[in-house]
Amino acid sequence: PDGTNGILQITGDEKPVCNTIELPWKDNQHNISCIPEGRYRVKMRFTQKRQWHMIVLGVKDRALILIHPANIAVFELQGCIAPVTTITGEGRGSQSRLAFEKLKSLISAAVEKEPVFLTIKTK
C-alpha cells in the first residue's frame, strides 16, 4: 500500500544495477500509480528543473513518466520511477542520487549505440 519496490538489471547480467521504488499500483492512474508491466522505450531528457534524466515512453494512457532521484515514493514521485541504492521499506529507499547517477551513466552510454528498453515484470 505504500509503494512498489523493484530491482533494475541489464538483460543477461545477473548483478543488479540498482533497486527502484514507485508508487503503489492504482490501476495505472495518472500521478498516483506505478506503471503496468510491459516493455517501454527509455530516452535521455534534459530540462532546466531536473537537468539530465530519463523518460519512459509508450506507457498506455500515461505521459511524462520520468526516472529521477527520490527516496520516498508517496512524497516525491508522481507516477515516476526512482532508482535507489538500498530498499528501506515499501516505496522507500536510500542513496537515490548515487543510484541515479550510476544508472544515468549507463543509459547515456547505451542510447548512443542503440535503443534502450525497460521491461517491467512481476517476479
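Residues numbered from 1 in each chain as written. Predicted model: local features only at pLDDT ≥ 70, side-chain atom pairs only at ≥ 80, totals over all residues. Heavy atoms only, no water.

### Details of unusual backbone geometry
A positive phi angle, near 60 degrees, is found at Asn 28, a position not held by glycine. Structurally, the position occupied by Asn 28 is in the loop between β2 (18–22) and β3 (38–47). The phi dihedral of Leu 64 is positive, around 55 degrees, even though this residue is not glycine. Inspection of the secondary structure assignment puts Leu 64 in the loop between β4 (51–57) and β5 (65–67). Exposure remark for Leu 64: the relative accessible area of 54% places this residue in the exposed category. (Helix = DSSP H or I, 4+ residues; strand = E, 2+ residues; numbered from the N terminus. Buried < 20%, exposed > 50% of the residue type's maximum accessible area, 1.4 Å probe, protein only.)

### Notes on the sheet that holds strand β6 (residues 82–84)
Pairing within the open sheet is antiparallel, and its three strands lie in the order β1-β2-β6. Looking at strand neighbours, the two that pair on one side only are β1 (4–8) and β6, the edges of this open sheet. Across the sheet, the axes of successive neighbouring strands diverge by a mean angle of 35 degrees, strand direction being ignored. Seen against the sheet, helix α2 (residues 96–111) touches β1, β2 and β6 and runs at an angle of roughly 105 degrees to β6. (Pairing = 2+ DSSP bridges. Axes fitted to C-alpha atoms, helices over the stretch in contact; angles between N-to-C directions. Contact = heavy atoms within 4.5 Å.)

### Description of the pairing of strand β7 (residues 86–89)
Direction of pairing for β7 relative to strand β8 (residues 92–94): antiparallel, over a ladder of three bridges. Its bridge partner lying in β8, Ile 87 is registered against Gly 93. Where β7 folds back on β8, the antiparallel hairpin that results is connected by two residues, among which Gly 91 adopts a positive phi of roughly 65 degrees.

### Structural notes on the nonpolar core
Core analysis: the largest hydrophobic core is formed by 20 residues, its most contacted members being Ile 35, Val 42, Met 54 and Val 56. Elements supplying a minimum of two residues to this core: β3, β4, β5, α2 and β9 (116–120). With four residues, α2 is the single largest residue contributor to this core. If we skip the residues at most four places from it in the chain, Ile 35 touches Glu 22, Trp 25, Asn 28, Tyr 40, Val 56, Val 59, Arg 62, Ile 65, Gly 79, Ile 81 and Ile 120. (Core = buried A, V, L, I, M, F, W, Y, C linked by side-chain atoms within 4.5 Å.)

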